[in-house]
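# An overview of the molecular structure
Read off the chains here:
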Amino acid sequence: MTGTGQPTAPAPASGSTDERLLRTSPLRRLLGRPELGSVVGALAVFLFFAVVADSFLQLSSFGTVLYAASTIGIMAAPVALLMIGGEFDLSAGVMVTSSALVSSMFSYQMTANVWVGVFVSLLVTLAFGAFNGFMLTRTKLPSFIITLGTFLMLTGLNLGLTKLISGTVSTKGIGDMWGFDSAHAVFASQLTLGGVELKVTILWWLVLVAVATWILIRTRFGNWIFAVGGDESAARAVGVPVIRTKIGLYLGVAFAAWVSGQHLLFSFDVVQSGEGVGNELIYIIAAVIGGCLITGGYGSAIGSAVGAVIFGMTSKGIVYAEWNPDWFKFFLGAMLLLATLLNAWVRKRAEATT
(Lines give C-alpha, C1' and ligand atoms only; values in the text may rest on other atoms or scores of the structure.)
Protein backbone atom coordinates (compact mmCIF):
# COMPACT_ATOMS: atom_id res chain seq x y z
CA MET A 1 0.00 0.00 0.00
CA THR A 2 1.42 3.37 -1.01
CA GLY A 3 1.09 6.67 0.83
CA THR A 4 -1.64 7.82 -1.60
CA GLY A 5 -3.87 4.85 -0.98
CA GLN A 6 -2.98 3.06 -4.21
CA PRO A 7 -2.27 -0.69 -3.92
CA THR A 8 1.28 -1.78 -4.60
CA ALA A 9 1.74 -3.49 -7.94
CA PRO A 10 2.33 -7.28 -7.82
CA ALA A 11 5.84 -8.62 -8.32
CA PRO A 12 6.70 -9.24 -11.98
CA ALA A 13 7.06 -12.73 -13.38
CA SER A 14 10.49 -14.30 -13.51
CA GLY A 15 12.57 -13.09 -16.41
CA SER A 16 10.64 -9.85 -16.91
CA THR A 17 11.86 -6.37 -16.05
CA ASP A 18 11.21 -5.36 -12.46
CA GLU A 19 8.90 -2.32 -12.61
CA ARG A 20 10.33 -1.08 -9.32
CA LEU A 21 13.66 -0.50 -11.11
CA LEU A 22 12.07 1.68 -13.79
CA ARG A 23 12.17 5.45 -13.37
CA THR A 24 8.70 6.87 -12.72
CA SER A 25 8.01 9.98 -14.77
CA PRO A 26 7.23 13.21 -12.90
CA LEU A 27 3.84 13.39 -14.67
CA ARG A 28 2.89 9.92 -13.47
CA ARG A 29 3.89 10.76 -9.90
CA LEU A 30 1.94 14.01 -10.11
CA LEU A 31 -1.19 12.32 -11.41
CA GLY A 32 -0.93 9.81 -8.58
CA ARG A 33 -1.32 12.49 -5.90
CA PRO A 34 -4.87 12.65 -4.45
CA GLU A 35 -4.60 16.38 -3.76
CA LEU A 36 -3.79 17.33 -7.37
CA GLY A 37 -7.38 18.21 -8.22
CA SER A 38 -7.75 20.42 -5.15
CA VAL A 39 -4.52 22.28 -5.97
CA VAL A 40 -5.83 23.04 -9.46
CA GLY A 41 -9.12 24.17 -7.92
CA ALA A 42 -7.32 26.37 -5.38
CA LEU A 43 -5.35 28.10 -8.13
CA ALA A 44 -8.55 28.70 -10.08
CA VAL A 45 -10.31 30.19 -7.04
CA PHE A 46 -7.29 32.37 -6.26
CA LEU A 47 -7.09 33.75 -9.80
CA PHE A 48 -10.84 34.32 -9.91
CA PHE A 49 -11.00 36.43 -6.75
CA ALA A 50 -7.73 38.17 -7.61
CA VAL A 51 -9.50 39.50 -10.72
CA VAL A 52 -12.95 40.32 -9.27
CA ALA A 53 -11.87 41.64 -5.82
CA ASP A 54 -9.17 44.31 -5.70
CA SER A 55 -8.55 43.98 -1.95
CA PHE A 56 -8.12 40.19 -2.19
CA LEU A 57 -4.39 40.53 -2.92
CA GLN A 58 -3.63 42.84 -0.01
CA LEU A 59 -1.32 41.53 2.73
CA SER A 60 -4.00 42.01 5.39
CA SER A 61 -6.37 39.88 3.32
CA PHE A 62 -3.73 37.12 3.19
CA GLY A 63 -3.76 36.78 6.98
CA THR A 64 -7.56 36.83 7.10
CA VAL A 65 -7.89 34.10 4.47
CA LEU A 66 -5.34 31.91 6.25
CA TYR A 67 -7.15 32.35 9.56
CA ALA A 68 -10.47 31.32 8.02
CA ALA A 69 -8.75 28.32 6.44
CA SER A 70 -7.07 27.32 9.71
CA THR A 71 -10.32 27.21 11.68
CA ILE A 72 -11.57 24.61 9.20
CA GLY A 73 -8.24 22.96 8.49
CA ILE A 74 -7.57 22.04 12.12
CA MET A 75 -10.61 19.77 12.01
CA ALA A 76 -10.36 18.79 8.34
CA ALA A 77 -6.99 17.02 8.80
CA PRO A 78 -8.18 14.34 11.28
CA VAL A 79 -11.54 14.14 9.50
CA ALA A 80 -9.60 13.34 6.31
CA LEU A 81 -7.74 10.53 8.09
CA LEU A 82 -11.05 9.22 9.39
CA MET A 83 -12.54 9.27 5.89
CA ILE A 84 -9.49 7.50 4.46
CA GLY A 85 -10.24 4.88 7.12
CA GLY A 86 -13.75 4.57 5.68
CA GLU A 87 -15.74 6.38 8.39
CA PHE A 88 -17.51 9.68 9.14
CA ASP A 89 -18.02 11.85 12.20
CA LEU A 90 -21.15 14.00 12.13
CA SER A 91 -20.60 15.06 15.75
CA ALA A 92 -17.31 16.89 15.05
CA GLY A 93 -18.90 20.34 14.79
CA VAL A 94 -20.82 20.32 18.06
CA MET A 95 -17.94 18.51 19.78
CA VAL A 96 -15.88 21.68 19.30
CA THR A 97 -18.54 23.64 21.20
CA SER A 98 -18.82 20.94 23.85
CA SER A 99 -15.08 21.17 24.47
CA ALA A 100 -15.26 24.94 24.91
CA LEU A 101 -18.30 24.70 27.21
CA VAL A 102 -16.64 22.13 29.48
CA SER A 103 -13.52 24.30 29.85
CA SER A 104 -15.51 27.43 30.57
CA MET A 105 -18.11 26.05 32.96
CA PHE A 106 -15.72 23.85 34.90
CA SER A 107 -13.30 26.74 35.40
CA TYR A 108 -16.05 29.14 36.43
CA GLN A 109 -18.01 26.81 38.69
CA MET A 110 -14.91 25.37 40.38
CA THR A 111 -13.32 28.84 40.61
CA ALA A 112 -10.11 27.13 39.49
CA ASN A 113 -7.24 28.17 37.28
CA VAL A 114 -8.56 28.00 33.71
CA TRP A 115 -5.86 25.46 32.83
CA VAL A 116 -7.64 22.99 35.08
CA GLY A 117 -10.74 23.42 32.97
CA VAL A 118 -8.66 23.08 29.79
CA PHE A 119 -7.25 19.70 30.83
CA VAL A 120 -10.61 18.45 32.12
CA SER A 121 -12.04 19.43 28.74
CA LEU A 122 -9.31 17.43 26.99
CA LEU A 123 -10.24 14.29 28.93
CA VAL A 124 -13.97 14.78 28.36
CA THR A 125 -13.55 15.48 24.63
CA LEU A 126 -11.32 12.43 24.17
CA ALA A 127 -14.02 10.43 25.96
CA PHE A 128 -16.53 11.60 23.33
CA GLY A 129 -14.20 10.38 20.58
CA ALA A 130 -13.60 7.06 22.33
CA PHE A 131 -17.37 6.65 22.71
CA ASN A 132 -17.87 7.07 18.96
CA GLY A 133 -15.12 4.59 18.16
CA PHE A 134 -16.26 2.07 20.78
CA MET A 135 -19.91 2.20 19.69
CA LEU A 136 -18.94 1.87 16.04
CA THR A 137 -16.75 -1.19 16.55
CA ARG A 138 -19.04 -2.90 19.07
CA THR A 139 -22.41 -2.38 17.41
CA LYS A 140 -21.24 -2.67 13.77
CA LEU A 141 -23.72 0.11 12.92
CA PRO A 142 -22.72 2.60 10.20
CA SER A 143 -20.68 5.53 11.46
CA PHE A 144 -23.34 7.82 9.98
CA ILE A 145 -25.89 6.50 12.50
CA ILE A 146 -23.50 6.36 15.47
CA THR A 147 -22.16 9.88 15.06
CA LEU A 148 -25.57 11.29 14.15
CA GLY A 149 -26.77 10.02 17.51
CA THR A 150 -23.76 11.59 19.22
CA PHE A 151 -24.42 14.83 17.35
CA LEU A 152 -27.97 15.01 18.64
CA MET A 153 -26.97 14.09 22.19
CA LEU A 154 -24.19 16.65 22.35
CA THR A 155 -26.44 19.33 20.85
CA GLY A 156 -28.98 18.69 23.60
CA LEU A 157 -26.33 18.52 26.33
CA ASN A 158 -24.71 21.74 25.20
CA LEU A 159 -27.95 23.67 25.42
CA GLY A 160 -29.52 21.90 28.40
CA LEU A 161 -26.49 21.91 30.71
CA THR A 162 -25.54 25.47 29.82
CA LYS A 163 -29.02 26.78 30.69
CA LEU A 164 -29.11 24.62 33.84
CA ILE A 165 -25.74 25.81 35.15
CA SER A 166 -25.50 29.35 33.78
CA GLY A 167 -29.19 30.22 33.50
CA THR A 168 -28.71 31.39 29.88
CA VAL A 169 -27.67 29.93 26.55
CA SER A 170 -24.09 31.22 26.96
CA THR A 171 -21.39 30.69 29.55
CA LYS A 172 -20.16 33.23 32.08
CA GLY A 173 -17.07 35.27 31.27
CA ILE A 174 -13.77 33.87 32.56
CA GLY A 175 -11.48 36.60 31.23
CA ASP A 176 -10.46 37.73 34.72
CA MET A 177 -9.56 34.26 36.01
CA TRP A 178 -6.05 32.95 36.67
CA GLY A 179 -4.40 31.39 33.68
CA PHE A 180 -6.62 33.07 31.09
CA ASP A 181 -3.83 35.18 29.60
CA SER A 182 -1.45 32.25 29.18
CA ALA A 183 -4.21 30.06 27.71
CA HIS A 184 -5.14 32.87 25.35
CA ALA A 185 -1.50 33.02 24.22
CA VAL A 186 -1.51 29.29 23.42
CA PHE A 187 -4.89 29.03 21.70
CA ALA A 188 -5.95 32.47 20.49
CA SER A 189 -2.97 34.83 20.22
CA GLN A 190 -1.64 36.42 17.06
CA LEU A 191 1.72 37.59 15.79
CA THR A 192 2.82 39.99 13.08
CA LEU A 193 5.12 38.58 10.41
CA GLY A 194 6.20 40.75 7.49
CA GLY A 195 3.35 43.15 8.12
CA VAL A 196 0.78 40.36 8.14
CA GLU A 197 -1.17 39.50 11.30
CA LEU A 198 -1.26 35.73 11.72
CA LYS A 199 -3.37 33.87 14.27
CA VAL A 200 -1.81 31.08 16.30
CA THR A 201 -4.44 28.71 14.87
CA ILE A 202 -2.45 28.78 11.63
CA LEU A 203 0.49 27.24 13.49
CA TRP A 204 -1.76 24.62 15.11
CA TRP A 205 -3.15 23.83 11.67
CA LEU A 206 0.25 23.40 10.02
CA VAL A 207 1.48 21.18 12.85
CA LEU A 208 -1.61 18.95 12.71
CA VAL A 209 -1.37 18.60 8.92
CA ALA A 210 2.34 17.75 9.18
CA VAL A 211 1.71 15.14 11.88
CA ALA A 212 -1.21 13.63 9.96
CA THR A 213 0.88 13.45 6.77
CA TRP A 214 3.76 11.81 8.64
CA ILE A 215 1.36 9.26 10.13
CA LEU A 216 -0.11 8.39 6.74
CA ILE A 217 3.17 8.12 4.84
CA ARG A 218 5.78 7.03 7.38
CA THR A 219 4.10 4.89 10.02
CA ARG A 220 2.53 1.48 10.33
CA PHE A 221 -0.63 3.11 11.63
CA GLY A 222 -0.89 4.98 8.32
CA ASN A 223 -0.78 1.69 6.43
CA TRP A 224 -3.51 0.39 8.72
CA ILE A 225 -5.68 3.43 7.92
CA PHE A 226 -5.43 2.86 4.17
CA ALA A 227 -5.98 -0.89 4.59
CA VAL A 228 -9.06 -0.51 6.80
CA GLY A 229 -10.58 2.08 4.47
CA GLY A 230 -9.83 0.06 1.36
CA ASP A 231 -11.17 -3.32 2.51
CA GLU A 232 -11.88 -3.88 6.19
CA SER A 233 -12.35 -7.64 5.87
CA ALA A 234 -9.09 -8.10 3.99
CA ALA A 235 -7.29 -5.86 6.47
CA ARG A 236 -8.55 -7.91 9.40
CA ALA A 237 -7.53 -11.12 7.61
CA VAL A 238 -3.91 -9.98 7.35
CA GLY A 239 -3.71 -8.94 10.99
CA VAL A 240 -4.53 -5.23 10.93
CA PRO A 241 -6.00 -4.19 14.32
CA VAL A 242 -9.19 -2.72 12.86
CA ILE A 243 -10.83 -1.84 16.19
CA ARG A 244 -7.74 -0.08 17.55
CA THR A 245 -7.26 1.80 14.28
CA LYS A 246 -10.80 3.15 14.15
CA ILE A 247 -10.89 4.16 17.80
CA GLY A 248 -7.55 5.91 17.28
CA LEU A 249 -8.97 7.85 14.33
CA TYR A 250 -11.94 9.04 16.39
CA LEU A 251 -9.59 10.08 19.17
CA GLY A 252 -7.69 12.15 16.61
CA VAL A 253 -10.88 13.97 15.64
CA ALA A 254 -11.66 14.55 19.32
CA PHE A 255 -8.21 16.02 19.98
CA ALA A 256 -8.60 18.47 17.10
CA ALA A 257 -12.07 19.37 18.41
CA TRP A 258 -10.48 20.17 21.77
CA VAL A 259 -7.93 22.48 20.13
CA SER A 260 -10.66 24.24 18.15
CA GLY A 261 -12.87 24.49 21.22
CA GLN A 262 -10.16 26.14 23.28
CA HIS A 263 -9.57 28.64 20.49
CA LEU A 264 -13.28 29.42 20.44
CA LEU A 265 -13.35 29.99 24.20
CA PHE A 266 -10.18 32.02 24.59
CA SER A 267 -10.93 34.18 21.56
CA PHE A 268 -14.27 35.44 22.88
CA ASP A 269 -14.22 34.71 26.65
CA VAL A 270 -17.77 33.30 26.47
CA VAL A 271 -19.31 30.48 24.42
CA GLN A 272 -22.77 30.26 22.88
CA SER A 273 -24.15 26.76 23.42
CA GLY A 274 -25.76 26.55 19.99
CA GLU A 275 -22.57 27.07 17.99
CA GLY A 276 -20.96 24.41 15.81
CA VAL A 277 -24.08 22.92 14.24
CA GLY A 278 -23.42 22.41 10.53
CA ASN A 279 -19.65 22.78 10.72
CA GLU A 280 -19.19 19.02 10.51
CA LEU A 281 -20.34 19.18 6.88
CA ILE A 282 -17.75 21.86 6.10
CA TYR A 283 -14.99 19.66 7.55
CA ILE A 284 -16.13 16.76 5.36
CA ILE A 285 -16.40 19.04 2.32
CA ALA A 286 -12.83 20.26 2.84
CA ALA A 287 -11.60 16.66 2.99
CA VAL A 288 -13.55 15.63 -0.11
CA ILE A 289 -12.40 18.67 -2.08
CA GLY A 290 -8.88 17.70 -0.98
CA GLY A 291 -9.16 14.32 -2.67
CA CYS A 292 -10.59 11.97 -0.03
CA LEU A 293 -13.03 9.40 -1.35
CA ILE A 294 -16.39 8.95 0.33
CA THR A 295 -15.81 5.19 0.10
CA GLY A 296 -12.48 5.37 1.99
CA GLY A 297 -9.00 4.06 1.26
CA TYR A 298 -7.76 7.11 -0.66
CA GLY A 299 -6.82 10.69 0.20
CA SER A 300 -4.28 12.82 2.03
CA ALA A 301 -4.01 15.28 4.89
CA ILE A 302 -2.32 17.80 2.60
CA GLY A 303 -5.36 17.67 0.37
CA SER A 304 -7.59 18.54 3.33
CA ALA A 305 -5.40 21.60 3.94
CA VAL A 306 -5.83 22.70 0.32
CA GLY A 307 -9.58 22.16 0.69
CA ALA A 308 -9.55 24.38 3.77
CA VAL A 309 -7.64 27.07 1.85
CA ILE A 310 -10.31 26.94 -0.87
CA PHE A 311 -12.94 27.43 1.84
CA GLY A 312 -11.02 30.39 3.27
CA MET A 313 -10.53 32.04 -0.11
CA THR A 314 -14.17 31.56 -1.06
CA SER A 315 -15.65 32.80 2.23
CA LYS A 316 -13.45 35.90 2.36
CA GLY A 317 -13.28 36.47 -1.39
CA ILE A 318 -17.04 36.93 -1.55
CA VAL A 319 -16.77 39.60 1.14
CA TYR A 320 -13.88 41.38 -0.59
CA ALA A 321 -15.80 41.31 -3.87
CA GLU A 322 -18.71 42.94 -1.99
CA TRP A 323 -21.14 40.26 -3.04
CA ASN A 324 -24.11 39.10 -1.02
CA PRO A 325 -22.69 36.52 1.46
CA ASP A 326 -25.89 34.51 1.04
CA TRP A 327 -24.25 33.14 -2.11
CA PHE A 328 -21.44 31.53 -0.13
CA LYS A 329 -23.13 28.15 0.25
CA PHE A 330 -23.86 28.10 -3.48
CA PHE A 331 -20.18 28.60 -4.32
CA LEU A 332 -19.16 26.04 -1.71
CA GLY A 333 -21.52 23.45 -3.19
CA ALA A 334 -20.32 24.20 -6.70
CA MET A 335 -16.70 23.83 -5.58
CA LEU A 336 -17.56 20.48 -3.97
CA LEU A 337 -19.08 19.11 -7.17
CA LEU A 338 -16.36 20.46 -9.44
CA ALA A 339 -13.55 19.28 -7.19
CA THR A 340 -15.09 15.81 -6.87
CA LEU A 341 -15.43 15.50 -10.64
CA LEU A 342 -11.87 16.75 -11.15
CA ASN A 343 -10.51 14.36 -8.51
CA ALA A 344 -12.31 11.45 -10.19
CA TRP A 345 -10.83 12.42 -13.57
CA VAL A 346 -7.33 12.75 -12.12
CA ARG A 347 -7.62 9.37 -10.43
CA LYS A 348 -8.71 7.69 -13.67
CA ARG A 349 -5.78 9.27 -15.50
CA ALA A 350 -3.42 8.08 -12.78
CA GLU A 351 -4.75 4.53 -13.03
CA ALA A 352 -4.47 4.62 -16.82
CA THR A 353 -0.79 5.54 -16.66
CA THR A 354 0.19 2.80 -14.18
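Summary of the structure given here. Since the model is a prediction, treat every value here as computed from it, not as a measurement. Sequence order as written defines residue numbering, which begins from 1 separately in each chain. The predicted origin of the model limits local features to residues at a pLDDT of at least 70 and limits the giving and counting of side-chain atom pairs to 80 or more, whereas totals for whole chains, interfaces and linings rest on all residues. As a rule here, side-chain values cover all heavy atoms of the structure and leave hydrogens and water aside.

### Focus on unusual backbone geometry
If you check the backbone angles, Lys140 has positive phi at about 65° while not being a glycine. Runs of E in the DSSP output that reach at least two residues are strands. Runs of H or I that reach at least four are helices, and both are numbered from the N terminus. Within the secondary structure, Lys140 sits in the loop between helix H5 (114-139) and helix H6 (143-166). Partly exposed residues are those whose accessible area sits between 20% and 50% of the maximum for their type, while under 20% is buried and over 50% is exposed, using a 1.4 Å probe and protein chains only. In this structure Lys140 comes out as exposed when scored by relative accessible area, which is 60%. One non-glycine residue, Glu322, adopts positive backbone phi at about 60°. Considering the arrangement of structural elements, one finds Glu322 in the loop between helix H13 (301-320) and helix H14 (328-353).

### A look at the packing of helix H7 (residues 180-187) against helix H8 (residues 200-218)
The angle between two axes is taken between their N-to-C directions and runs from 0 to 180 degrees, where each axis is a line fitted to C-alpha atoms and a helix contributes only its stretch in contact. Orientation of H7 relative to H8, taken along the N-to-C sense of each, is 55°, at an axis distance of 7 Å. With respect to H8, the element H7 is oriented oblique. Along its contact with H7, which presents Ala185, Val186 and Phe187, the element H8 presents Val200, Thr201 and Trp204. Side-chain classes are defined by residue name, with Ala, Val, Leu, Ile, Met, Phe, Trp, Tyr, Cys and Pro counting as nonpolar, Asp, Glu, Lys and Arg as charged, and the others, Gly among them, as polar. Of the residues contributing to the contact of H7 with H8, the split by class is five nonpolar, one polar and no charged. Roughly parallel means an angle under 35 degrees; roughly antiparallel means over 145; roughly perpendicular covers 65 to 115; every other angle is labelled oblique. In this description, contact between two residues means that some pair of their heavy atoms is separated by no more than 4.5 Å.

### So, the nonpolar core
For the purposes of this section, nonpolar cores are sets of buried Ala, Val, Leu, Ile, Met, Phe, Trp, Tyr and Cys residues that join through side-chain atoms within 4.5 Å. The biggest cluster of nonpolar side chains holds 86 residues, and the ones touching the most others in it are Met75, Met83, Trp205 and Phe266. With 14 residues, helix H3 (residues 59-84) is the single largest residue contributor to this core. Every residue in contact with Trp205, bar those within four places of it in the chain, is listed here: Leu66, Ala69, Ser70, Gly73, Ile74, Ala305, Ala308 and Val309. One finds Ala227, Val228, Val240 and Val242 within the second-largest nonpolar core, a separate group that totals six residues.

### A word on the layout of surface pockets
We place a 1 Å grid over just the protein atoms. Points where a 1.4 Å probe fits but has no way out form a cavity, open points with protein on both sides within 12 Å along at least 5 of 7 lines form a pocket, and any residue with an atom within 4 Å of a point lines it. Grid points are joined across faces, edges and corners, and a volume is the space filled by probe spheres set on the points. Size it by volume and the second largest pocket reaches roughly 440 Å³. Counting residues per element, the lining of the second largest pocket draws most heavily on H3, at five residues. Its residues assigned to classes, the lining of the second largest pocket comprises ten nonpolar, nine polar and two charged.

### Re the packing of aromatic side chains
Stacked, tilted and edge-to-face pairs are distinguished by plane angle, under 30 degrees for stacked and over 60 for edge-to-face with tilted covering the rest, among Phe, Tyr and Trp rings (Trp via its six-membered ring) whose centres lie within 6.5 Å. For the structure shown, the criterion picks out 14 aromatic pairs. Taking the centre distance of 5.7 Å and the plane angle of 10° together, the rings of Phe187 and Trp204 count as stacked. With a gap of 17 residues between them, Phe187 in helix H7 and Trp204 in helix H8 connect regions that are remote in the sequence. Its relative accessible area of 21% is what places Trp204 among the partly exposed residues. Stacked on the ring of Tyr67, the Lys or Arg Lys199 has its end atom at 5.6 Å from the ring centre. By definition here, charges over rings are those cases where NZ of Lys or CZ of Arg is within 6 Å of the ring centre and within 35 degrees of the ring normal.

### Considering the pairing of strand E2 (residues 196-199)
Alternating residues of E2 divide into Val196 and Leu198, all buried, and Glu197 and Lys199, none buried. Two elements, strand E1 (residues 190-193) and E2, share four bridges in a ladder whose sense is antiparallel. Within E2, the position partnered with Thr192 by the bridge is Glu197. We call two strands paired when DSSP finds no fewer than two bridges between them. Taking the residues that link successive antiparallel strands as the turn, the E1-E2 hairpin has two residues, and the phi of Gly194 there is positive, at about 60°.

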